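# Fold and geometry: a report
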Amino acid sequence: MASGLRLGYVDSSFGQLHYAQQGSGETILLLHQAPRSWDEFRELIPLLADNFRVVAMDMPGYGNSAPVPGPQTIETYARGAWELLDALGVDRVTVIGHHTGAAVALEMAASRPERVHAAVLSSCPWTDRNYREGHSGPGGIDCVDRAADGSHLTRLWEMRRPYYPEPGTALLDRFIRDALAYRVDPAEGHKACARYVMEARIGSVTAPVLLIGAQKDPFSMPNVAPLRAHLTGAAVVETEIVESGTVALVEEHAPQIANAVRMFLKNYAGRRPV
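Please read these numbers as outputs of a predicted model, since none were measured by experiment.

Definitions and limits used
Residues numbered from 1 in each chain as written. Predicted model: local features only at pLDDT ≥ 70, side-chain atom pairs only at ≥ 80, totals over all residues. Heavy atoms only, no water. Helix = DSSP H or I, 4+ residues; strand = E, 2+ residues; numbered from the N terminus. Areas by Shrake-Rupley, 256 points an atom, 1.4 Å probe, with all protein chains shown as cover. Lys, Arg positive; Asp, Glu negative; His and termini not counted. Charge placed at Lys NZ, Arg CZ, Asp CG, Glu CD. Buried < 20%, exposed > 50% of the residue type's maximum accessible area, 1.4 Å probe, protein only. Pairing = 2+ DSSP bridges. 1 Å grid on protein atoms, 1.4 Å probe; cavity = no way out; pocket = protein on both sides within 12 Å on 5 of 7 lines; lining within 4 Å. Points joined across faces, edges and corners; volume = space filled by probe spheres on them. Nonpolar A, V, L, I, M, F, W, Y, C, P; charged D, E, K, R; others polar. Core = buried A, V, L, I, M, F, W, Y, C linked by side-chain atoms within 4.5 Å.

## Structural notes on the overall build of the protein chain
For the protein chain, the count of helices and strands is ten helices and eight strands. For the protein chain, the C-alpha atoms occupy an extent of roughly 60 × 40 × 40 Å along the three principal directions. For the protein chain, the accessible area works out to roughly 11,500 Å², and carbon and sulfur atoms hold 51% of it. For the protein chain, the separation between the mean place of its 26 positive charges and that of its 31 negative charges on side chains is 3 Å.

What follows is the structure, encoded as structure tokens:
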């Protein structure tokens, strides 16, 4: 039986980084989408903790972790993740990321392949030149100015609501809480993705990779094919498609995600390219 969920902080070059932890054994690190927090994995953590030590962090600039001034980058988030793991005494790790967190997981696997046992990229963006050019202007998802009358709350809600399951109220409540956390810029993580030159990094990934796509997530589902095509250095690439999955894939379908991860790690995570 997995031990109970524990919350904690470690010191880092950013300031204190906040994390949740449960279970024991080989470590899995969970990396959330922007502008969420470790809470995105509240349903998934206990499902993996019977077999693994599961660590879900608030990436730098999010949740209860130290704020980070813009412009933020995927590389910055990855450095924060490595500093957390170093503080926790973790050498090798399986990284699981969702949306922005998936780009961070990819960067971790590319930058320190000797330390990444496997990578699970859930609803990962494909941030090539076309993506960067299309997201270089003002505005964008989760970009709102805070208003004295509170109308920004409704605008944030309405931006996200079409991409969440119906009715989705409880999940959107959790999103709004994270988006309005102290000194969090809800749009900055999306801008960080637009700054990331993924096509120059993805070929350096050598760990086994599981790509998870959500059929009802228009932002990420088209990315599965180009990601798979460009993971040329990965030991093996597997794909799991969740037919009814939305942007809130991890919360909605935690049992399916957990089963896919366990099966993937059992079958492939020991392999390395010759």
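## A closer look at the pairing of strand β3 (residues 27–31)
Taking burial as the measure, the five residues of β3 include five buried ones, the bulk of the element. Here β3 shows a buried face lined by T27, L29 and L31 and a second buried face lined by I28 and L30. In this sheet, strand β4 (residues 53–57) lies alongside β3 in parallel orientation, the contact comprising four bridges. For L30, the partnering residue across the bridge sits in β4 and is A56. As paired strands, β3 and strand β5 (residues 93–98) are joined by four bridges and run parallel to one another.

## Points about empty space enclosed by the protein
This structure, assessed with the given rule, holds two cavities of 30 Å³ or more. One number sums up the size of the largest cavity: a volume of about 50 Å³. Lining the largest cavity are F41, L44, I96, G97, H98, S122, V250 and I257. It is β5 that provides the largest number of residues to the lining of the largest cavity, a total of three residues. For the lining of the largest cavity, a count of residues per class yields five nonpolar, three polar and no charged. Reported here for the second largest cavity is a volume of approximately 40 Å³. Contributing to the lining of the second largest cavity are L121, S123, C124, L211, I212, G213, S220, N223, V224 and L227. Elements represented by at least two residues in the lining of the second largest cavity include exactly β7 (209–214) and α8 (224–230). No other element matches the three residues that β7 contributes to the lining of the second largest cavity.

## A closer look at the nonpolar core
In terms of nonpolar packing, the biggest core is built from 50 residues, with L29, L31, M57, L84, M108, L121 and M198 touching the most fellow members. Per element, the largest residue contribution to this core is eight residues, and it comes from helix α3 (residues 100–111). Counting residues in hydrophobic clusters, the runner-up holds 30 residues, among them W38, I45, A118 and I212.

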